Amino acid sequence: METTTGTTCPEPMKATSEGAFQGNNPLHFALPLIILQICLVVVVTRSLAYLLRPLRQPRVIAEIIGGVLLGPSALGRNTKFLNTVFPKESLTVLDTIANIGLLFFLFLVGLELDLRAIRRTGKNAIAIALAGISLPFVLGIGTSVVLRNTVVRETRHGPFLVFMGVALSITAFPVLARILAELKLLTTDLGRMAMSAAAVNDVAAWILLALAIALSGSGSPLITLWVLLCGAAFVLFAAFVLRPVLAWMVRRSPEGEPVKESYICATLTLVLAAGFVTDTIGIHALFGAFVVGIVVPKDGPFAGILIEKVEDLVSGLFLPLYFVSSGLKTNVATISGAKSWGLLVLVIVNACLGKIGGTVIVSLLVRIPVREAITLGFLMNTKGLVELIVLNIGKDRKVLNDETFAILVLMALFTTFITTPIVMALYKPARRAVPYKHRTVERGDADLDSELRVLACFHTSRNIPTMINLVESSRGTRRRRLAVYAMHLIEFSERSSAISMVQKARRNGMPFWNKKNKAGEVEVAFEAYQQLSSVSVRPMTAISDLSTIHEDIIASALRKRAALVVLPFHKMLQIDGSLESLGHAYHQINQRVLRNAPCSVAILVDRGLGGAAQVSASDVEYTVSVLFFGGPDDREVLAYAARMAEHPGIALTITRFLPGHEEEDDRVFNAFKAKVASDGSVRYEEKVAERREEVASAIKGMGRFNLFLVGRRPPTAALVDKTDCPELGPVGSYLASAEFSTTASVVVIQRYDPTGREEEEFPADGTVVPMASPSLSEMNME
């Protein structure tokens, strides 16, 4: 194809090939090539994210590095690779798909920001945010003067000045949230301050970016004014026209009912239409998508459903293409010579000095301690995707040249990379172990009427009915108070919905409901139970990576002075009565808590205690069996059973296995019998069983029960040859196996050991371990 000037342009790529057998090279066609590019990008970025995981770096670091590696800075230096995988004629398709993914991702970012929360932000956070924008913006202007006199002589002064100011003043709100979650700082005063300031900074950065884009046009100042006025008119249109329409959709999407597909489609179409309008105005399509995300009402399930529908496809497949698109424009080789590297150092120093210095100065003025002020400065210096967006727009509009672009990309990479290690070194929140007396269910005679504090953990709403029914069964009398802290364990991931959950963080343990927005069955169930019973129920949420969420459980148990932590078993009941594992990560949570808990721990094997719904107090009618072999754990089980015996709907059967009891066991058992001697609902049995076959046969012949209570480390032989659940102990593993029952729930209790001598190692890979152990007679002989 020839142009009027006589030069030749490459033929546009056809969409699909006829196949290799027809002589076509798939890489010469747009569709198979973009498929290869997406797969390559995902593999490279996810592999880097896995490698950087031990350094606790956010995924955006891996995505930026992956993009740079695939570009002319590394693999792209091989022209054959670059021309085969990323030929110039394919870049239009690549950039288009990347920008569509980016468009919807910025819509998700807008959904994450709640303007009401920003309006409620305290004066201190606003002051810190403004200082963290203004000082780096001023230093960015100063840096732009140096760069214009050295490497960027051709560009227009005004737009370059604003772009440099914006590039140095941005804080990446989503990246910051993930770093805070990774470092367990979300619920600290420091974390809340950083999140509030970052949210204000995010909105301000977009306003500055709109200004920079308007100024970067090639028209007259009058045209720039028109662009700004039209942009402001669009924001007003979104606030006063689009928001009521979206609010109408939200009202017609009540909690518990599916959101209509037509509403989802209409909203996503609005995102594209808004992008078209803002692109026509001249302030980039991304701005329109972001504004629509902000004006979507955050009440009810509508915003959450939108995130679920969009985030995985966009964040997982399309968005990484944008990092490659940036990486293809980044050539680190352009930074050569002492002058260029000196400019890189200057930019990094000014970026850190402006953001950290401005934040620290104002933090000290509002009386934040020095160490926390410096930590907050480094947190606010986090860069991310919005930084890349600014740089790419500047590059596309000829405001930034190749060398300046590469310098600023490396600056963003460096400042974000250093955040996690520096914050870990600087800030170690004081987690003083509050000394408290009652770390077990068993109490001395003087403390029998003291309050029992239980930290009850759950993963999903399916755990809740059994958890509430267990709490109801063990609430005791009004004289013996029971306080329950219900902790929802939520995995914190790279998904946007995780950021939405983070917004609900509060210092007192992150409650997941409030008076204005009673959302979801989880909240309703616990609130209803508290109103109908004398039990104090306080909701909490732990949002963390599964590999470290046990730290949240342990810290909360200490902070709330819990005597018992109740954990859900890592296997869920299926329709056929079998138990299916949620995954090895959930398995390890229980093992880590058992090793490090500051109090007693119970693992609940849920087989539907009381059915699939919460049972009212008057309808509770359970048969409970306690298997008593002796030892500290079994004595703790007996203390827990004593509370159950007080409930009028509980029929308790205590089975004592002989021989092999310590003197302390006899004392505790006789005291228990004396205390509940007049209770006709408690039945006692004694069974002589020495070998494991006899023990298993005796348990199996006891009849049907709704619930079994057993100690984790009784002095008895293992009742199964092999198990993949050593944390349940020799008897618990048998009770939880399909060989025993498919209907009886099981509670396995480990008593708190103040000496810490009972630590044990569980298999790291979840392998099945042999449970061979001596019989009771062999133990007695020893």
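Above this text you will find the structure in question.
Rules used throughout
- Each residue is numbered by its place in its chain's sequence as written, counting from 1.
- In keeping with the predicted nature of the model, local features appear solely for residues at pLDDT of at least 70, side-chain atom pairs appear and are counted solely at 80 or more, and the whole-chain, interface and lining totals rest on all residues.
- Derived side-chain values reflect all non-hydrogen atoms in the structure, with water molecules and hydrogen atoms excluded from consideration.
- We call a set of buried Ala, Val, Leu, Ile, Met, Phe, Trp, Tyr and Cys residues a nonpolar core when their side-chain atoms join them within 4.5 Å.
- Buried residues are those whose accessible area, probed at 1.4 Å on protein chains only, stays under 20% of the maximum for their type, while exposed residues exceed 50% and partly exposed ones sit between those limits.
- Segments assigned H or I by DSSP are reported as helices when at least four residues long, segments assigned E as strands when at least two residues long, and all are numbered from the N terminus.
- Whether two residues are in contact is decided by their heavy atoms, any of which lying within 4.5 Å being enough.
- Two kinds of site are reported from a 1 Å grid over the protein atoms alone, namely cavities, where a 1.4 Å probe fits but cannot get out, and pockets, open sets with protein on both sides within 12 Å along at least five of seven lines, and residues are called lining when an atom falls within 4 Å of a point.
- Grid points are joined across faces, edges and corners, and a volume is the space filled by probe spheres set on the points.
- The nonpolar class holds Ala, Val, Leu, Ile, Met, Phe, Trp, Tyr, Cys and Pro. Asp, Glu, Lys and Arg form the charged class, and all remaining residues, Gly among them, are polar.
- Axis angles are defined between N-to-C directions and span 0 to 180 degrees, where every axis is a line fitted to C-alpha atoms and, for a helix, only to the segment in contact.
- Angles below 35 degrees are treated as roughly parallel, those above 145 as roughly antiparallel, those between 65 and 115 as roughly perpendicular, and all remaining angles as oblique.
- Left-handed describes a crossing whose near helix is turned anticlockwise from the far helix by less than a right angle; the clockwise case is right-handed.
- Strand pairing is assigned whenever DSSP detects at least two bridges linking the two strands.

1. Some points on the nonpolar core
Turning to step 1, where the next piece is worked out: Ranked by internal contacts, the top residues of the largest apolar core, which has 149 residues, are Leu106, Leu385 and Ile389.
Turning to step 2, where the next piece is worked out: Ranked by residue count, the leading element in this core is helix H9 (residues 189–215), at 16 residues.
Turning to step 3, where the next piece is worked out: For isoleucine 389, the residues in contact, after removing those within four places along its chain, are Leu102, Leu106, Leu209, Leu286 and Tyr322.
Turning to step 4, where the next piece is worked out: Counting 50 residues, the second-largest nonpolar core is a separate cluster that includes Tyr485, Met487, Val565 and Ala597.

2. Quick word on empty space enclosed by the protein
Turning to step 1, where the next piece is worked out: Overall, the coordinates contain nine cavities of 30 Å³ or more when judged by the stated rule.
Turning to step 2, where the next piece is worked out: Taken as a whole, the largest cavity holds about 230 Å³ of empty space.
Turning to step 3, where the next piece is worked out: Lining the largest cavity we find 18 residues, and of these Val60, Phe105, Val175, Arg178 and Leu385 sit closest to its centre.
Turning to step 4, where the next piece is worked out: When its residues are assigned to classes, the lining of the largest cavity shows twelve nonpolar, two polar and four charged.

3. Structural notes on the packing of helix H11 (residues 261–281) against helix H12 (residues 285–295)
Turning to step 1, where the next piece is worked out: Remark: H11 packs on H12, axes separated minimally by 6 Å, with the N-to-C direction vectors making an angle of 135°. One element, H11, and the other, H12, form an angle in the oblique class. Crossing angle aside, the handedness with which H11 passes H12 is right-handed. Touching Leu270, Val271, Ala274, Gly275, Thr278 and Asp279 of H11 are Ala285, Phe287, Gly288, Ala289 and Val292, all from H12.
Turning to step 2, where the next piece is worked out: Of the residues belonging to the contact of H11 with H12, the class tally is seven nonpolar, three polar and one charged.

4. Regarding the pairing of strand S7 (residues 600–605)
Turning to step 1, where the next piece is worked out: Of all six residues in S7, six are buried; the element is thus mostly enclosed.
Turning to step 2, where the next piece is worked out: Burial along S7 is two-sided: Ser600, Ala602 and Leu604 facing one way and Val601, Ile603 and Val605 facing the other are all buried.
Turning to step 3, where the next piece is worked out: Bridge analysis of strand S4 (residues 564–568) against S7 gives five bridges, and the strand direction is parallel. Bridged to proline 568 within S7 is leucine 604.

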